[in-house]
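# Summary of structural features
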Amino acid sequence: MSYIILFGQIAQEFGDQILVVFKNYPLDQGCNSGIQRKMHEFACKAAVISRCAGGIGKFWQFHDAIFAGQADMKSDDFIRKVGLSVGLTKDQIDTCWSNKDILAKIKEDITLGNKFGVNSTPSLYINGKAYYG
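Scanning the chain from terminus to terminus reveals six helices and two strands. Against the globule reference of 14 Å for 133 residues, the chain gives a C-alpha radius of gyration of 15 Å, in line with a compact fold. Structurally, the chain occupies a C-alpha span of about 35 × 35 × 25 Å along its principal axes. The proportion of buried residues among the 133 residues of the chain is 30%. Sequence separation of 24 or more characterises 55% of the internal contacts of the chain that already satisfy a separation of 6 or more. Of the roughly 8700 Å² of accessible surface on the chain, 53% is carried by carbon and sulfur atoms. Across the chain, the 15 positively charged side chains and the 13 negatively charged ones have centroids separated by 4 Å.

Here we come to the pattern of salt bridges. Per the stated rule, a full pass over the model turns up six salt bridges. With a shortest N-O distance of 3.3 Å, K38 and E41 are connected by a salt bridge. Overall, the relative accessible area of 60% leaves K38 in the exposed class. Through salt bridges that share partners, K23, R51 and D109 make up one connected network.

Let's shift gears to the state of the cysteines. Under the counting rule described, the total for this entry stands at two disulfides. Put simply, C31 and C44 are joined by a disulfide, and their sulfur atoms are 2.1 Å apart. Disulfide C31-C44: the torsion about the S-S bond is -90°, which places it as left-handed. Note that C31 is positioned in the loop between α1 (3-14) and α2 (43-55) and C44 in helix α2, a separation of 13 residues in sequence. You'll find C31 and C44 in the same group, each marked buried. Between C52 and C96 runs a disulfide, and the two sulfur atoms are separated by 1.7 Å. Here the disulfide of C52 and C96 is left-handed, its torsion about the S-S bond being about -125°.

Another point: the packing of aromatic side chains. Applying the stated criterion to the full structure yields four aromatic pairs. Pairing F22 with W60 gives two aromatic rings, centres 5.8 Å apart and planes at 85°, and the pair type is edge-to-face. Pair noted here: F22 is in the loop between α1 and α2 and W60 is in helix α3 (residues 59-68), with a separation of 38 residues, a long-range link. The class of F22 is partly exposed, set by a relative accessible area of 28%. Taken together, the ring pairs in this structure connect F22, F59 and W60 into an aromatic cluster. Stacked on the ring of W97, the Lys or Arg K45 has its end atom at 5.3 Å from the ring centre.

The rules behind these values
Residues numbered from 1 in each chain as written. Predicted model: local features only at pLDDT ≥ 70, side-chain atom pairs only at ≥ 80, totals over all residues. Heavy atoms only, no water. Helix = DSSP H or I, 4+ residues; strand = E, 2+ residues; numbered from the N terminus. Rg over C-alpha atoms; globule rule 2.2 N^0.38 Å. Buried < 20%, exposed > 50% of the residue type's maximum accessible area, 1.4 Å probe, protein only. Contact = heavy atoms within 4.5 Å. Areas by Shrake-Rupley, 256 points an atom, 1.4 Å probe, with all protein chains shown as cover. Lys, Arg positive; Asp, Glu negative; His and termini not counted. Charge placed at Lys NZ, Arg CZ, Asp CG, Glu CD. Salt bridge = Lys/Arg side-chain N within 4 Å of Asp/Glu carboxyl O. Disulfide = S-S within 2.5 Å. Phe/Tyr/Trp six-rings, centres within 6.5 Å; stacked < 30°, edge-to-face > 60°. Lys NZ or Arg CZ within 6 Å of the ring centre and 35° of its normal.

Laid out in structure tokens, this is it:
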């Protein structure tokens, strides 16, 4: 069972009884200094656009589409296409990619992930404890 399906089931079953907090941890040397080898070259840009999609209430749609299509994430064009498909405009995407505040928030997420020992994505923590499997 995939992470996306499992997460969707948990969120649906428990609804308002749980608080979901999503943190970015892109496995990309472009913004994550803890990554020592080339892994997901476009993950930083995808993380930035996910935050912008969240600004229009489309975070989870963007998130799900990016994870589902990650094998195709080989260029900025793919990220742009997914962003457009959830309702962002070309201008919003371009503005997001150049927004240093958004990148700073992602780097804060990375620092927090490092503190908790995150080294893969997705990672799931429940009440501060890592969940594996």
